[in-house]
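Report on the structure
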Amino acid sequence: MHKTAILKKYQWPMTGAMLGALVFVALYGVRVLDPTCVDWILNNPSPDPSQHYLGWAFFRNSTVRLPYVGANYSVIYPYRTSILFTDSIPLLALLGKLFSPILPARFQYFGWWGLLCYALQGGLAQAILARLGGVRPGQTARAWASVAGAGVLVLFPALTVRMFAHTALAGNWLVLLAIWLWLRCDALLPTTWRACLAWAGMGVLCAGIHLYYLPMVGIVLVGYAVRRGLQKRGVAAVLLPVVCFCAAALAELLLLGAFASNFAGYSNGYLNGADLANLMVPGLAASWEQNVYIGLGAVAALVLAVVSFGIACARGKAAAAAGFFRRHRIWLFAGAVVLLLEAIAAMGNTITLGGVTLGTVPIPQVLMDFWAMFSSCARLAWLAGMLLALLACSAVLRLWNGRVAVVLLAVCALLQGYGQRDELAKRFATYHDDATYTDQTRLTDPAWENLAESGRFSHLAFVSFDFEHDEFWDLAAFAADHGWTSNSFYMGHMDGNLAAVTLAGEMNTLSADTLYVFVDEDELARDSFGLNYYRLDGILIGSVEPLDLTPDPAPETDSHAMDLRLSDVINGSVTADGVELGSGGEMMTDSWMLFPGTYRVTLTGSGFDHSYIYARHGLINQETYKLNIEFTDIAPEKMTFTFTTGEPLYYWCTAVHTLDDTPITVTGVTVEKTA
């Protein structure tokens, strides 16, 4: 086909894609597109973007051992994990690793991924709306209306919120691509063989980008299969594409090492389901993760569609509408199946509607274990949200003439942006701020580079498993930049219990090629190991062999204060001065790893004579144990207790409960190792 003809044929999807790209550049600027600039990722206050980038950086330096081409042997050395579990967009990580020898030392693909997501979101949304809205060649006004409608999808809240947060989950265009294949299957997939090839490709894309897209796209595939069945195309035409989708995704996951990873926990045993009323009513979500609101503009489009349909029927077009539904009854039935499956998958087994819990459906443990792989199942409602937005905008397209539809859908797109004005403004301010793109690492002492250049070290070991500290990500980036391995990292679906126990056990055998890092509470264990200690940028490091650095003297009092901002609080609040508890208040401090020894814990504040205080430890989702503690100082403003342990205490913490209506304030919790 001649180039001019191709441009003419695809000019409107390309216009939608350009709209998406322009929105991306307006929000995030162009500096995120510099593949050598990673500071804007590492400076993000959320740990997730750092996890995504550093997961790729460690994977880039990892050895390749067949058959697991996606296995990462560097990030939790000497154990194996998968690039899948660092949410580093495995397909792009594999491509980057292939060309790694010619890439710069620091290289990121997340900025271009973001631009691609916005462009594909706009282009595919326009193509689907033009199809559903009955836009024909030469209908310029209606084509522009479909572009305006695409703006509603470009500003879809799930895309806005996930971009450069859970970056792989910004690939909402995968769902749109599946819907497009479904709508155009008669022309694009005329044979079973071609359908199998296309849906297998979708399986590869989903498994290679993020696992949550597998069920969403899979539900669309069920809609495709239902329609093929109602068309009486035969068993092969119905089942083979489904089999190919599942087989291709499974084969890719095997190659990525998804089923051969250490520390991978596949089920957390619970489901964060969606309140489906939240699709159209904001503020009903029980948590940020369960927020599935489709946006003010999409809701406006739904209202417009319903009102427009009522007006059309009142004007005597009910018969025409009935004829339309009759002609498309197979599509409508298949679509109803998709929405029903979507509702079941997204709600989980606890049924909540309009903020009211209607009940919990008991399900077999085997099904729960499988379902809980997608524990944040509320995300699956994104499919229903995008379908509703597409159907609403396409109805407006069909029920109004082109010029009116342009205005109505443009207003909907503007409302979609207005409803997210605070979030959009925050992102604009962040990504247009020069400080976002400056090196803000805490590792400023030149001695760090000297250690790297000395060749004495090839491994960075954290003493315990705790990635909540700000220094953690700077240290991990240091190791990745210099081709070192690391023993600790944050991964999706991670078995934190196994990681905590394993890291503590590794300290029984010390190695000369390892630089040990004692972050915050780990300093309490410094006298447990025969290492040479030094301090760089306030961070305590240890090595088996002496270094040409000033030794760090052992402190007279080995104590550390807990960060009360990390406490879990019920019926209370975290303030600048500490934690305030009201009637029925409970406070649980951050969890620490404590090595064997004797400890003194001091709490300061007020109202302690009306409180119950204890300490506990225990692995996640397993039985916890209260410690036998002895109070040595009891006063309303100060409580001190001691305890001794002969074994490591995993996830140790201190709790404060109120006993009556007297308010309690906790201004400090200090832990001291006395022996």
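Above this text you will find the structure in question.
Quick summary incoming for the structure in this document. (Residues numbered from 1 in each chain as written. Predicted model: local features only at pLDDT ≥ 70, side-chain atom pairs only at ≥ 80, totals over all residues. Heavy atoms only, no water.)

1. Focus: the environment of Asn571
- Note that Asn571 resides in strand 11 (residues 568-575).
- Under the relative-accessibility criterion, Asn571 is labelled partly exposed at 47%.
- Beyond its immediate stretch of four places on either side in the chain, Asn571 contacts Leu581, Gly582, Ser583, Gly584 and Gly585.
- Polar side-chain contacts of Asn571 include one of 3.0 Å to the backbone oxygen of Gly584. (Helix = DSSP H or I, 4+ residues; strand = E, 2+ residues; numbered from the N terminus. Buried < 20%, exposed > 50% of the residue type's maximum accessible area, 1.4 Å probe, protein only. Contact = heavy atoms within 4.5 Å. Polar contact = N/O pair within 3.5 Å; in protein donor to acceptor, adjacent residues only side chain to side chain.)

2. Details of unusual backbone geometry
- Across the junction of Leu66 and Pro67, the peptide omega takes the value 5 degrees, indicating a cis bond.
- Residue Pro78 follows Tyr77 across a cis peptide bond; omega there is 10 degrees.
- By the secondary structure assignment, Pro78 is in the loop between strand 1 (71-72) and strand 2 (81-82).
- One non-glycine residue, Lys232, lies in positive phi territory at about 60 degrees.
- Looking at where Lys232 falls in the secondary structure, it is placed in the loop between helix 12 (213-230) and helix 13 (235-256).
- On the basis of relative accessibility, which here comes to 74%, the residue Lys232 falls in the exposed class.
- Despite not being glycine, Asp537 shows a phi value in the positive range, around 55 degrees.

3. Points about the sheet that holds strand 9 (residues 539-543)
- Taken together, five strands build an open sheet; the order of strands is 6-5-7-9-8 and the sheet is mixed. With partners counted over all chains shown, the strands left at the sheet margins are strand 6 (485-486) and strand 8 (532-536), one partner each.
- Bridge count between strand 5 (residues 459-462) and strand 7 (residues 514-518): four bridges; the pairing is parallel. Across the sheet, His459 pairs through a bridge with Thr514, a residue of strand 7. (Pairing = 2+ DSSP bridges.)

4. Description of empty space enclosed by the protein
- Per the stated rule, a full pass over the model turns up one cavity of 30 Å³ or more.
- Along its surface, the largest cavity is lined by Trp40, Ile41, Asn44, Pro49, His52, Tyr53, Phe110, Phe164, Thr167 and Tyr431.
- Elements supplying a minimum of two residues to the lining of the largest cavity: helix 3 (39-42) and helix 4 (47-61).
- With three residues, the top contributor of residues to the lining of the largest cavity is helix 4.
- The residue makeup of the lining of the largest cavity, split by class, is seven nonpolar, three polar and no charged. (1 Å grid on protein atoms, 1.4 Å probe; cavity = no way out; pocket = protein on both sides within 12 Å on 5 of 7 lines; lining within 4 Å. Points joined across faces, edges and corners; volume = space filled by probe spheres on them. Nonpolar A, V, L, I, M, F, W, Y, C, P; charged D, E, K, R; others polar.)

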